[in-house]
Amino acid sequence: MTGTGSGTGTGTGTAGDVLGGYLRSQATAFLRALRLYEEGATGGTGPAEEGDAARGLRGAARRIASSLTTFRAVAESSWADGLRTELVWLSSTLADEHAHAARLARLMEALHRLSGASEVPAPRGGAGSLTVGSARAGALLERQLTLARTRAHSATLSALGSSRFHAVADAVAVLASEVPLDPVAARGRVEDVLVPLADVARARLDAAVAALPPRHSPYSAQDDGAWHEVRRLLRVHRYAREALGGEVARLVAAGEALDRHRDASEAAAASATAARTPRIAPTTAYALGVLHADQRHAVEAARHAFECLAPF
C-alpha cells in the first residue's frame with residue numbers, strides 16, 4: 001500500500017489546525033444529520049430522507065471516533081477516549097435496525113431470483129420444490145428478521161431518548177466550535193505528528209490484509225471474521241487519509257467491496273440460522289441451503305473484487 005505521506009494534501013498549518021478543522025467539519029455534519037433525522041422522526045421528511053440522515057449521522061460519528069483513535073496523541077486523551085466510546089456505541093446502535101432491514105430485503109430478492117432460475121437444480125421432490133420451499137423459507141426469514149429489526153428499532157428509540165445520547169449530542173455540539181487538543185503535539189508539523197500516526201493505521205491494515213487466508217484455501221465461515229477486521233481497519237485508514245486531505249477513491253472502492261462481503265456473509269449466516277429451525281419442511285431446508293450457497297458465492301466475488309483493488 002502507498003504510504004500516507006505520499007500524495008497527501010495536508011496543506012498548511014499545524015497538526016492541531018488540520019486535525020481540529022477535520023473534527024469540527026465532522027461535528028457540523030453530525031449535527032446537521034441529527035437535525036434532519038429528528039425532523040424525519042416527527043414526520044417532517046419522508047422515509048428516504050430519514051434514511052439518508054441516519055447514514056449521515058452514523059458516518060460522521062464513525063469519522064470522529066476513528067480520528068480520535070488514530071490521532072489520540074494530538075487530542076486531550078481523557079476527553080478523546082470518552083467521546084470515542086460514546087460515538088462507537090451510538091453508531092453501532094443506529095446501524096442495527098438498518099442492517100436487519102437490508103438483510104431481509106437482500107434475502108427476499110435472492111430467493112425470488114433463485115426460485116425462477118433454470119440453472120438452480122431441483123431436488124428429487126420435483127421442479128417446483130424450490131419454488132414451494134422458497135415461499136416457506138421467505139416467510140420464516142421474514143418472521144425472524146422482522147422480529148430482530150423490531151427489537152433494534154426499539155433499542156434505537158430508547159437510545160435516542162436517553163440522557164446518554166443527549167450528553168453525546170452536547171459534546172459533539174461543543175466539538176463543532178472547540179476541539180480539546182494536547183498543547184504540545186498540536187503545535188507540531190503535520191508531517192512530523194499526524195502523518196506518522198496515520199502510517200501506523202496503514203501498517204495495521206497491511207498486516208491484516210497479509211494475514212488473510214489464501215484465496216483458494218478451503219471454505220470456512222470462520223474466515224469471515226478476519227475479513228471483517230480488514231474492513232474495519234480499511235475504514236480507519238481511509239478516514240485518516242481524509243483528515244490529511246489525501247486521495248481516497250481507491251480506498252472507497254475497496255471499502256464498498258468489503259461492505260458487499262459483510263452483507264453477503266451475514267445474509268449467509270442468517271439463512272444458515274433459519275435452516276436450523278426445528279421441524280421445518282425438507283423443501284424449506286433445501287431452499288435455505290440453496291440460498292446459503294448463493295450468498296457464499298457472493299462472498300467469494302466480493303473477496304475477489306477487493307483483491308483486484310489491492311495494494312492501495
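Residues numbered from 1 in each chain as written. Predicted model: local features only at pLDDT ≥ 70, side-chain atom pairs only at ≥ 80, totals over all residues. Heavy atoms only, no water.

**Examining the overall build of the chain**
Regarding its fold elements, the chain presents 9 helices and 0 strands. Each helix (α) and strand (β) of the chain, taken in turn from the N terminus, gives the series α-α-α-α-α-α-α-α-α. Overall, the chain is about 75 × 50 × 30 Å in size when its C-alpha atoms are taken along their principal axes. Every one of the 312 residues in the chain was classed for burial, and the buried ones make up 42%. Sequence separation of 24 or more characterises 82% of the internal contacts of the chain that already satisfy a separation of 6 or more. Of the accessible surface of the chain, which amounts to about 15100 Å², a share of 56% is contributed by carbon and sulfur atoms. Charge centroids of the chain, computed over 35 positive and 33 negative side chains, lie 5 Å from each other. (Helix = DSSP H or I, 4+ residues; strand = E, 2+ residues; numbered from the N terminus. Buried < 20%, exposed > 50% of the residue type's maximum accessible area, 1.4 Å probe, protein only. Contact = heavy atoms within 4.5 Å. Areas by Shrake-Rupley, 256 points an atom, 1.4 Å probe, with all protein chains shown as cover. Lys, Arg positive; Asp, Glu negative; His and termini not counted. Charge placed at Lys NZ, Arg CZ, Asp CG, Glu CD.)

**Let's talk about the nonpolar core**
In terms of nonpolar packing, the biggest core is built from 47 residues, with Phe30, Ile64, Leu87 and Leu194 touching the most fellow members. Those elements giving two or more residues to this core turn out to be α1 (15–41), α2 (47–70), α3 (77–115), α4 (129–160), α5 (163–175), α6 (190–210) and α7 (224–243). For this core, the element with the most residues is α1, which contributes 10 residues. Beyond its immediate sequence surroundings of up to four residues, Leu87 is in contact with Phe30, Ala61, Ile64, Ala65, Val168 and Val172. Core analysis: the second largest hydrophobic core is formed by 16 residues, Leu114, Leu145, Ala267 and Ala274 among them. (Core = buried A, V, L, I, M, F, W, Y, C linked by side-chain atoms within 4.5 Å.)

**Examining the pattern of salt bridges**
Considering all chains together, one arrives at 19 salt bridges under this definition. Among the ionic pairs, Arg164 bridges to Glu86, the shortest N-O distance being 2.7 Å. Of this pair, Arg164 sits in helix α5 while Glu86 sits in helix α3, and the two are 78 residues apart along the sequence. Overall, Arg164 belongs to the partly exposed group, its relative accessible area being 37%. The shortest N-O distance in the salt bridge between Asp206 and Arg202 comes to 3.2 Å. On the criterion of helical spacing, the pair formed by Asp206 and Arg202 is a turn pair, its members being 4 residues apart in helix α6. (Salt bridge = Lys/Arg side-chain N within 4 Å of Asp/Glu carboxyl O.)

**Looking at the packing of α1 against α5**
Geometrically, a packed helix pair is captured by the angle between its two axes and the distance between the axes. Interhelical geometry of α1 versus α5 gives an angle of 135 degrees and a closest axis separation of 8 Å. By the angle between their directions, the pair α1 and α5 is classed as oblique. Viewed along their axes, α1 and α5 form a crossing whose handedness is left-handed. Here Leu23, Arg24, Ala27, Phe30, Leu31 and Leu34 of α1 come into contact with α5, specifically with Phe165, Ala169, Val172, Ala173 and Leu175. Residues that form the contact of α1 with α5 fall into these classes: 10 nonpolar, no polar and 1 charged. (Axes fitted to C-alpha atoms, helices over the stretch in contact; angles between N-to-C directions. Parallel < 35°, antiparallel > 145°, perpendicular 65-115°, else oblique. Left-handed = near helix turned anticlockwise from the far one by under 90°. Nonpolar A, V, L, I, M, F, W, Y, C, P; charged D, E, K, R; others polar.)

**Observations concerning the confidence of the model for the chain**
Within the chain, residue pLDDT values average 90, and 92% of them lie at 70 or more. Segment residues 2–7: pLDDT under 50, and 15 contacts once partners within four positions in sequence are set aside and those in other chains are kept. (pLDDT = per-residue confidence, 0-100.)

**A short note on unusual backbone geometry**
Looking along the chain, the bond that leaves Ala310 and enters Pro311 is cis, with omega of -5 degrees. Locating Pro311 in the fold gives a position in the segment after α9 (282–309). Positive phi is not limited to glycine here, since Arg279 has a value of about 60 degrees. Secondary-structure assignment places Arg279 in the loop between α8 (249–275) and α9. Look at Arg279 and you get exposed, because its relative accessible area is 82%.

**Thoughts on the environment of Arg151**
As for its placement among the helices and strands, Arg151 is situated in helix α4. For the pair Arg151 and Asp96, spaced 55 residues apart in sequence, the C-alpha to C-alpha distance is 9.4 Å.

**A few points about the packing of α3 against α8**
Running from N to C, α3 and α8 point in directions that differ by 75 degrees, and their axes come no closer than 10 Å. What the angle tells us is that α3 and α8 run roughly perpendicular. Contacts from Arg103, Arg106 and Leu107 of α3 reach α8 at Arg260, Asp263, Ala264, Glu266, Ala267 and Ala270. Of the residues in the contact of α3 with α8, the class split is 4 nonpolar, no polar and 5 charged.

**Focus on α3**
With 39 residues, α3 extends 55 Å from end C-alpha to end C-alpha; this agrees with the ideal 57 Å at 1.5 Å per step. Remark: the principal bend of α3, roughly 30 degrees, maps to Asp96. (Expected span 1.5 Å × (residues − 1). Bend = angle between axes of the 7 residues up to and from the residue.)

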